[in-house]
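The residues making up each chain are set out below.
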Amino acid sequence: MANTGWDEFEIGAMLRTFEGSVDNIAGTLQEDRNYTQNSSFSANVSDWRIIKPVFNKDYCIDCQFCWIYCPDISIIARDKKMVGVDMDHCKGCGICVEVCPTNPKSLLMFDEHIDEEVALAGWPTKEGKK
Amino acid sequence: MSEMKNIKNLKEFSTSADRFEGANLLCPGCAHSIIVREVLNATNDDLVLSASTGCLEVCTAVYPYTSWDASWIHIGFENGSTAVAGAEAMYKALKTKGRLKQPDRNPKFVSFAGDGASYDIGFQWISGCMERGHNIMHVVLDNEVYANTGGQRSSSTPIGSSTTTAPSGRKSYGEKKNKKDMVSIMASHHIPYSAQVAPNKWKDMVKKIQYGFSVDGPVFINAVSPCTTEWKFDPKDTMLLTDLATDSLVFPLYEIIDGHELNITYRPKNVVPVEEYLAAQGRFKHLFKDEYKYLITEWQERVDAKWAMLQRREEARV
């Protein structure tokens, strides 16, 4: 990687476009608004992610810290409740996990390939006071 | 005057319909979009926006996509503020002539710019807007470096920071000049409101933005925006860095009303030493070598002096 110029690529390198499936667009639309095809909302940046946040509803207290501090508008909040993570626009930065105040955290980062059920099954339990 | 949006707590705030979209190409963990969202969500009114050249502009308007669900313009590096000021002047003129089709709608005029476009390149244009008294708000996303073009120094870069045009090495500790005090410069234009904000103190920020929208005249907002790429920290630590910046008083949060009435809006309970703020960032790594340790002491003294000055100005009301 060190010796490649701006116009050279490693053999087997993948160049991504913005195009990709935006599958849960219905879940993330604000109710009373119409989007055009040219809104970046219809694009997909999930390729950027190497780790993903997993949301555990059991521990969430709906404080909305993750909503306000998410740089990619990927936390879906409906009726003052945290509903889930928009996986088409999440870039996997991990801010939501850092700002989550619950114990144990209701959002944790996992590797992209791990299934959500597996992640939820192995959720850490409450940490004692140190 | 349109009604001000009532935001009591975060739960209420979270019902806002975002007018800034995901799949922008800002780095993971970039604070720019957090600041932009907090500004845009602070009002329900129509918005006329501009962005000067910079990370925010290139990342939110990649052909064929736009990340803005409001009228948005980009012209050049320097004249984002004047573009919005022109729109505002036109709006005012049409309103006095009674030629607006929907006179009851009350748009807000906001220009976003990075620190390069505000502190250096667009300085004269912004100064002109402030002096002419347009009813606009200029928001600086201050990441203390030209992050978009590869990390060159700007006049916002603080002493000791290693940048690509002021690198640290055997002979140099990086940037030699201190940061420009833009909030005071803008307050000296006797504008109704200028303030420094941070995205982690969202309530303080929304309050300031709403006050800025409610006053008649130019408003200047300086927002600290940690840059994961150029400040060299992990993307997940963006809010931690902002916390450190406000709690170490490197970025004190204050407002200046009518150019003289200074209010400190956030006093940290536990003031963090500046050393911790510096240690969290890769761009200050070299300062922890023995020969440059004196710079950290100087930093602390500078920050303490500035904080003392702010407190005395707040008391004196001059």
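Quick caveat, the model's predicted, so the values are computed rather than measured. (Residues numbered from 1 in each chain as written. Chains lettered and ligands numbered in written order. Predicted model: local features only at pLDDT ≥ 70, side-chain atom pairs only at ≥ 80, totals over all residues. Heavy atoms only, no water.)

A.B. asks: Sorry if this is basic, but what is going on with the packing of aromatic side chains here?
C.D. replies: Here the distance between the centres and the angle between the planes together describe a pair of aromatic rings. All names here are of chain B. As enumerated under the stated definition, the model contains 14 aromatic pairs over all chains in all. Centroid distance Trp231 to Tyr277: 6.4 Å. Interplanar angle 90°. Geometry classified as edge-to-face. Placement of the pair is Trp231 in the loop between β6 (219-224) and α9 (238-247) and Tyr277 in helix α10 (residues 274-279), with a sequence separation of 46 residues. Overall, Trp231 belongs to the buried group, its relative accessible area being 0%. A network of ring pairs unites the aromatic residues Phe20, Trp68, Trp72 and Phe112 as a single cluster. The ring of Trp299 carries Arg302 above its face, with NZ or CZ at 5.3 Å from the centroid. (Phe/Tyr/Trp six-rings, centres within 6.5 Å; stacked < 30°, edge-to-face > 60°. Helix = DSSP H or I, 4+ residues; strand = E, 2+ residues; numbered from the N terminus. Buried < 20%, exposed > 50% of the residue type's maximum accessible area, 1.4 Å probe, protein only. Lys NZ or Arg CZ within 6 Å of the ring centre and 35° of its normal.)

A.B. asks: I tried to follow helix α4 (residues 80-97) of chain B on my own but got confused; where do I start?
C.D. replies: Side chains that are three or four residues apart share a direction in an α-helix, a result of its 3.6 residues per turn. Residue and element names in this part refer to chain B. Here α4 spans 26 Å end to end across 18 residues, near enough to the 26 Å set by a 1.5 Å rise per residue. Inspection of α4 places Gly80, Ser81, Ala83, Val84, Ala85, Ala87, Glu88 and Tyr91 among the buried residues, and these make up the whole buried set. Contacts made by the buried residues of α4 are with β1 (47-51), β2 (71-73), β3 (108-114), α6 (123-132) and β4 (137-142). The first or second residue beyond α4 is Gly98, which carries a positive phi of 70°. (Expected span 1.5 Å × (residues − 1). Contact = heavy atoms within 4.5 Å.)

A.B. asks: Mind showing me how you'd approach the confidence of the model for chain A here?
C.D. replies: Low pLDDT marks regions whose predicted coordinates should not be analysed in detail. When pLDDT is averaged along chain A, the result is 80, and 72% of the positions lie at 70 or above. Every residue in residues 24-28 of chain A is under pLDDT 50, and counting partners more than four places away or in other chains gives 11 contacts. (pLDDT = per-residue confidence, 0-100.)

A.B. asks: How do you make sense of the nonpolar core when you look at a structure like this?
C.D. replies: Buried together is how nonpolar side chains tend to be arranged in soluble globular proteins. Residues and elements named next belong to chain B. Core analysis: the largest hydrophobic core is formed by 106 residues, its most contacted members being Leu56, Phe112, Ile221 and Tyr277. Counting residues per element, this core draws most heavily on helix α11 (residues 293-316), which supplies six residues. Tyr277 has contacts with Glu144, Trp231, Leu241, Leu244, Ala245, Ser248, Val250, Phe251 and Arg283, leaving out every residue within four places of it along the chain. Judged by nonpolar contacts, the second largest core, of nine residues, contains Val48, Ala85, Ala87 and Phe109. (Core = buried A, V, L, I, M, F, W, Y, C linked by side-chain atoms within 4.5 Å.)

A.B. asks: Teacher, can you tell me more about the interface of chain A and chain B here?
C.D. replies: Size of an interface: often given as the accessible area lost when the parts come together. If you look at the interface, chain A gives 35 residues, while chain B gives 40 residues. Elements with a contribution of two residues or more to the side of chain A that touches chain B: α2 (65-69) and α3 (95-99) of chain A. The biggest single contributor to the side of chain A that touches chain B is α2(A), with four residues. Here the side of chain A that touches chain B is built from residues that sort into 19 nonpolar, 10 polar and six charged. (Nonpolar A, V, L, I, M, F, W, Y, C, P; charged D, E, K, R; others polar.)

A.B. asks: Which parts of the structure should I look at to understand the sheet that holds strand β8 (residues 261-264) of chain B?
C.D. replies: Each strand in a sheet pairs with its neighbour through backbone hydrogen bonds, running either in the same direction (parallel) or in the opposite one (antiparallel). All names here are of chain B. Spatially, eight strands are ordered β2-β1-β3-β4-β6-β5-β7-β8 in an open sheet, and the strand pairing comes out mixed. The two strands at the open ends of the sheet, each matched to only one other strand, are β2 and β8. Ignoring strand direction, the axes of neighbouring strands in this sheet form an average angle of 15°. In the sheet, strand β7 (residues 254-257) pairs with β8 via four bridges, with the strands oriented antiparallel. Bridging from a neighbouring strand, Ile256 pairs with Leu262 of β8. The sheet strands contacting helix α8 (residues 202-214) are β1, β3, β4, β5 (193-197), β6 and β7, and the helix crosses β5 at an angle near 160°. (Pairing = 2+ DSSP bridges. Axes fitted to C-alpha atoms, helices over the stretch in contact; angles between N-to-C directions.)

A.B. asks: Explain the packing of helix α2 (residues 32-40) of chain B against α8(B) here, please?
C.D. replies: Helix-helix packing is described using two parameters, namely the angle between the two axes and the distance between the axes. Residues and elements named next belong to chain B. Where α2 contacts α8, the two axes come as close as 9 Å, and the packing angle between them is 50°. Between α2 and α8, the interaxial angle falls into the category oblique. For α2 against α8, the interelement crossing comes out right-handed. Mapping the contact onto sequence places Ile35, Glu38 and Val39 in α2 and Trp202, Met205, Val206, Ile209 and Phe213 in α8. Its residues assigned to classes, the contact of α2 with α8 shows seven nonpolar, no polar and one charged. (Parallel < 35°, antiparallel > 145°, perpendicular 65-115°, else oblique. Left-handed = near helix turned anticlockwise from the far one by under 90°.)

A.B. asks: What is the right way to look at the environment of Phe41(A) in this model?
C.D. replies: Its location among the elements puts Phe41(A) in the loop between α1 (25-28) and β1 (51-55). Between the C-alpha atom of Phe41(A) and that of Tyr69(A), which follows or precedes it by 28 residues, the distance is 18 Å.

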